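Results of the structural survey
Chain residues, written in single-letter form:
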Amino acid sequence: MAVQIEESWKKVLAPEFDKAYFQQLVAFLKQEKNAGKTIYPPGPLIFNAFNTTPFDKVKVVVLGQDPYHNPGEAMGLSFSVPKGVRVPPSLKNIYKELSADVDFTIPDHGDLTHWAQQGVFLLNAMLTVQRNKPRSHQKIGWQDFTNAVIQTISEKRTHVVFMLWGRFARNKAELIDSSKHLILEAPHPSPLARGGFFDCKHFSKANEYLVANGRKGIEWQL
């Protein structure tokens, strides 16, 4: 299968697309679609994070778990929803932390494309989900792929900031070389974490690190 993914990613991830697990993953998604099941995000948006943030432009990685599973929400960027869709609770808390941490006015939408265009790679560990069935695609091979993505960034790039929120994301720290990248860890921004995410100051820390290493900081305002 020819994966519709931005050229710089296609080049560095080429070995993965030929592996058996990836072929099985593609076959599974085709089978689900043929069986009439609704998969999110829509096909053209599955690799949206890759297509919006080329490999050589990645400055920050924000790792989510799996896509939103309700209609109209998933857009292939972790934590992001299209304009016009209600801002989810975790993203509301991200906005609260941003307004406390940096010069940030909370917007009336949840579309994070502006971040992605500046080099914030909004990666979900699972790139698809079945409608109304959270974590339904957790064991179909996506984690093999996204673990390889994280390792590839770690190996082939320098001075990238990895934001790992919650236990699931923090377990990925072992894939990252902390001697050449900045790893920021915090509780998940979900309300279920009871405010543990607040005061992590990850957004100002990320920009301080980027600037100290000769890179332009992220304009967080949306």
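Before any of the text, the structure's been laid out above.
Residues numbered from 1 in each chain as written. Predicted model: local features only at pLDDT ≥ 70, side-chain atom pairs only at ≥ 80, totals over all residues. Heavy atoms only, no water.

With respect to burial, strand S3 (residues 120-124) is a largely interior element, five of its five residues being buried. The two faces of S3 match: Val120, Leu122 and Asn124 on one face and Phe121 and Leu123 on the other face are all buried. Two elements, strand S2 (residues 60-64) and S3, share five bridges in a ladder whose sense is parallel. Each bridged residue has a counterpart across the sheet, and for Gly64 the counterpart in S3 is Asn124. (Buried < 20%, exposed > 50% of the residue type's maximum accessible area, 1.4 Å probe, protein only. Helix = DSSP H or I, 4+ residues; strand = E, 2+ residues; numbered from the N terminus. Pairing = 2+ DSSP bridges.)

This brings us to the pattern of salt bridges. Applying the stated criterion across every chain yields a total of five salt bridges. Lys10 is paired through a salt bridge with Glu7; the nearest N and O atoms lie 3.7 Å apart. On the criterion of helical spacing, the pair formed by Lys10 and Glu7 is a turn pair, its members being three residues apart in helix H1 (residues 7-17). Classification of Lys10 as partly exposed rests on a relative accessible area of 33%. Assessed through its relative accessible area of 55%, Glu7 is described here as exposed. With its nearest N and O atoms 2.5 Å apart, the salt bridge here joins Asp199 to Lys201. According to the relative accessible area criterion, Lys201 is partly exposed, its value standing at 35%. (Salt bridge = Lys/Arg side-chain N within 4 Å of Asp/Glu carboxyl O.)

Here we take up the layout of surface pockets. For the largest pocket, the calculated volume is near 770 Å³. If you trace the largest pocket, you find 32 residues lining it, with Gln65, Asp66, Tyr68, Ser90 and His188 closest to the centre. Looking at the lining of the largest pocket, the elements with two or more residues in it are S2, helix H4 (89-101) and helix H7 (166-170). Considering every element that reaches the lining of the largest pocket, the biggest residue donor is H7, with four residues. In the lining of the largest pocket, the residues fall into 16 nonpolar, twelve polar and four charged. (1 Å grid on protein atoms, 1.4 Å probe; cavity = no way out; pocket = protein on both sides within 12 Å on 5 of 7 lines; lining within 4 Å. Points joined across faces, edges and corners; volume = space filled by probe spheres on them. Nonpolar A, V, L, I, M, F, W, Y, C, P; charged D, E, K, R; others polar.)

A separate point is the packing of H1 against helix H6 (residues 142-156). Running from N to C, H1 and H6 point in directions that differ by 135°, and their axes come no closer than 10 Å. For the element pair H1 / H6, the angle class is oblique. Here H1 runs over H6; the crossing is right-handed. Across the interface between the two elements, Trp9, Val12, Leu13, Glu16 and Phe17 of H1 pack against Asp144, Phe145, Ala148, Val149, Thr152, Ile153 and Lys156 of H6. A breakdown of the residues in the contact of H1 with H6 according to their chemical character gives eight nonpolar, one polar and three charged. (Axes fitted to C-alpha atoms, helices over the stretch in contact; angles between N-to-C directions. Parallel < 35°, antiparallel > 145°, perpendicular 65-115°, else oblique. Left-handed = near helix turned anticlockwise from the far one by under 90°. Contact = heavy atoms within 4.5 Å.)

This part covers H4. Helix length check: H4, at 13 residues, gives a terminal C-alpha distance of 18 Å against a target of 18 Å (1.5 Å per residue), a fit within 8%. When H4 is considered as a whole, its buried residues turn out to be Ser90, Leu91, Asn93, Ile94, Tyr95, Glu97, Leu98 and Asp101. Buried-residue contacts for H4 involve helix H5 (113-118), strand S5 (161-165) and helix H8 (202-212). (Expected span 1.5 Å × (residues − 1).)

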